[in-house]
Amino acid sequence: MNTGKMRKIAILGGGESGVGTAILAVKQGFRVFVSDSGAIKENYRHALQEKGIRWEEGGHTEEEILSADEVVKSPGVPDTAPVVRKLVAKGIPVVSELEFAKRLSRGKTICVTGSNGKTTTATLIHYIMQRGGMDVGLAGNIERSFALQVAEGDHDWYVLEISSFQLDNMFDFRADISVLMNITPDHLDRYDFCLQHYIDSKMRVIQNQGPGQSLVYWRQDEHIEEELRKRLVEGYAPQPTPSSKPAREGRPTLCGFEDSDYERLGLHFSQMGQHNKRNALAAYLATKIAGVDEGTIRQCLSDFPGVEHRLERVAEKGGVLYVNDSKATNVDACRVALLAMERPTVLIVGGLDKGNDYSAIEPLVRQKCVGLVYLGADNAKLHSAFDKLGLPVADTDNMRDCVAACQRMAKAGSVVLLSPCCASFDLFHNMEERGEQFKECVRQVGVNGAKG
């Protein structure tokens, strides 16, 4: 990109992604303006002020944004936002932080997406590559932003966890290794409640890949192989994402895996659950392609410490195991968590519903659960879905009451599982805060059921 004319970049969103982009853009000689419709956190304000970057909060000054040569949009800003619609109508490019940062990075990328398993798989790949002595950053939807890491000292490799929202504004980005874990309904409220629209978004991870790149994917997924056939064989360009395009001439090397490969390869992974075996297989294949030796990969699978808020063992109190799975923000994530439970389960479920169909977990709730605690500002849909099962239920709207209700239901030998199926934004700032509050309340639980 030619930066010699002091091109102007406007950035929508003043969080981790937006501020990282601003710092990188200033370093590259762009004129930069950051705009957030809400409040910008103090640490991000300080970072912007320190670099002399212009910013605003509490609304958008449209003449500033609509005069930009290009706009970088944080993933939380929907395409339906009025200012985004005006940008599109005016023909001003709107891209993601990842698209912008990749242009300015020398590093190769391993891009991990899917409805579930992204964080564990991306973190595991990064862990293996670091232990293998590689210069690698972890970014995307976790850790420090990709753009900030490029600005502060570029890496040879990046492992990027990528959400569908980020993929929607990636156009020329090309992954060296893409990893597609699975596709199950999620975020349908952002995709006109149309599953195919969401599928089209996820499949963008392979756009622009061709000979010399690789795709690692789970072959038993309900959708992936059919979508690959459409795109790589028939050259199908999906809608309503007109920027999506079929793969370049040729195609990436396809590295599909099946559940049985875990035993066939004799792998051992430190984390519980069948879904984690899939995460291990994906990481095993991706890191082998990247050049890590087999012995290092196998050792790292055995001693990987796990990911916070994902089937995280918090404590065992009075014979009751408490497990924090706050990252389970959709129904399928809760389903795989329930499958991993080997004890009678008190399930905490609820939050900001994203168009969930809870019937997908009803059989497992019948089979595994001895009680349900609803945690949300509005639990009506949960009552409608689960009360008919005849299990003990409790209605709560804060974490302290929630954990107290779980204590009353749980008996020695059982497990309390926070696996909410929903986003956290009705009661919490984010899923991390929800998980932290759960852990803090569990720490206060006395062995005899009293608050400690």
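Counting restarts for each chain: residues are numbered from 1 in the order of the written sequence. With the structure being a predicted model, the display of local features is reserved for residues of pLDDT at least 70 and the display and counting of side-chain atom pairs for 80 or more, all residues being used for whole-chain, interface and lining totals. Remark: hydrogens and water are excluded; side-chain values derive from all non-hydrogen atoms of the structure.

Enquirer: Please clarify how the packing of helix α1 (residues 16-27) against helix α7 (residues 146-153) should be interpreted in this entry.
Expert: Relative placement of two packed helices is described by the angle separating their axes and the distance separating the axes. At their nearest, the axes of α1 and α7 sit 7 Å apart, and the two run at 30 degrees to each other. The two elements α1 and α7 cross, and the hand of that crossing is left-handed. Contacts between α1 and α7 involve Glu16, Gly20, Thr21, Ile23, Leu24 and Lys27 from the first element and Ala147, Leu148, Val150 and Ala151 from the second. Lys, Arg, Asp and Glu make up the charged group, whereas Ala, Val, Leu, Ile, Met, Phe, Trp, Tyr, Cys and Pro make up the nonpolar group; the residues left over, Gly among them, are polar. Residue composition of the contact of α1 with α7, grouped by class: six nonpolar, two polar and two charged. Interaxial angle, 0 to 180 degrees, is taken between N-to-C directions of lines fitted to C-alpha atoms, where a helix line uses only the stretch in contact. Secondary structure is summarised from DSSP: a helix means a run of H or I of at least four residues, a strand means a run of E of at least two, and numbering begins at the N terminus for each. If you view the pair so one helix is near and one far, a crossing is left-handed when the near helix is turned anticlockwise from the far one by less than a right angle, and right-handed when it is turned clockwise. Contacts between residues were defined by any pair of non-hydrogen atoms, one from each residue, lying within 4.5 Å.

Enquirer: I keep staring at the sheet that holds strand β5 (residues 94-95) and nothing clicks. Help me out?
Expert: Remark on secondary structure: sheet strands pair via backbone hydrogen bonds, oriented parallel or antiparallel. Here a strand pair is declared whenever DSSP counts at least two bridges between the two strands. If you trace the five strands from one edge of the open sheet to the other, you get β3-β2-β1-β4-β5, paired in parallel fashion. The two strands at the open ends of the sheet, each matched to only one other strand, are β3 (54-57) and β5. Relative to strand β2 (residues 31-36), strand β1 (residues 8-12) runs parallel, the two being bridged by five bridges. Of the residues in β2, the one forming a bridge with Ile11 is Val34. Its contacts with the sheet put α1 on β1, β2 and β4 (70-73), and the angle it makes with β2 is roughly 170 degrees. Packing against the sheet, helix α4 (residues 82-90) makes contact with β1, β4 and β5, and its axis sits at approximately 150 degrees to β1.

Enquirer: When you look at helix α9 (residues 195-203) in this model, what are you seeing that I'm missing?
Expert: Helical periodicity: at 3.6 residues per turn, an α-helix aligns residues three or four positions apart in one direction. For α9, a buried count of seven out of nine residues is recorded, marking the element as mostly surrounded by other parts of the structure. The inward-facing, buried residues of α9 abut β6 (108-113), α6 (118-131), α8 (164-167), β9 (177-180) and α10 (224-233). Three exposure classes are used, based on accessible area relative to the maximum for each residue type with a 1.4 Å probe and protein chains only: buried under 20%, partly exposed in between, and exposed over 50%.

Enquirer: Can you walk me through the confidence of the model for the chain in this structure?
Expert: Detailed conclusions should not be drawn from predicted coordinates in areas where pLDDT is low. On average, residues of the chain carry a pLDDT of 91, and 94% of them reach 70 or more. The quantity known as pLDDT measures the predictor's confidence residue by residue, on a range of 0 to 100. Low confidence marks residues 447-452, where pLDDT is under 50. Its contacts with residues over four positions away, or in another chain, come to twelve contacts.

Enquirer: Got a minute to help me understand the environment of Val442 in this structure?
Expert: Among the secondary structure elements, Val442 is positioned in helix α18 (residues 431-443). Judged by its relative accessible area of 0%, Val442 falls in the buried class. The sequence separation of Val442 and Tyr322 amounts to 120 residues, and the corresponding C-alpha distance is 7.3 Å. Look past the residues within four positions of Val442 in its chain and what remains in contact with it is Val314, Ala315, Lys317 and Tyr322.

Enquirer: What should I look at first to understand the environment of Asn276 in this one?
Expert: If you trace the backbone, Asn276 turns up in helix α12 (residues 274-290). As a C-alpha pair, Asn276 and Gly117 span 159 residues in sequence and 7.7 Å in three-dimensional space. Not counting chain neighbours up to four residues away, the residues in contact with Asn276 comprise Thr120, Phe269, Gln271 and Leu311. N or O atoms within 3.5 Å of each other form a polar contact, as long as, within protein, one can give a hydrogen and the other can take it, and as long as residues adjacent in sequence are counted only when both atoms are side-chain atoms. In this structure the side chain of Asn276 is engaged in a polar contact, spanning 2.6 Å, whose partner is the backbone oxygen of Met272. Side-chain polar atoms of Asn276 contact the side chain of Asn279, separated by 3.0 Å.

Enquirer: Even after reading the chapter, I still don't get the packing of α1 against helix α2 (residues 42-50), so can you show me in this structure?
Expert: Contact pair α1 / α2: the axes reach a minimum separation of 10 Å and the direction vectors enclose 10 degrees. By the angle class used here, α1 and α2 are roughly parallel. Every residue of α2 that contacts α1 at Glu16, Val19, Ala22 and Ile23 is listed here: Tyr44, Ala47 and Leu48. Residues belonging to the contact of α1 with α2 are distributed by class as follows: six nonpolar, no polar and one charged. Between 65 and 115 degrees an angle is taken as roughly perpendicular, under 35 as roughly parallel, over 145 as roughly antiparallel, and anywhere else as oblique.

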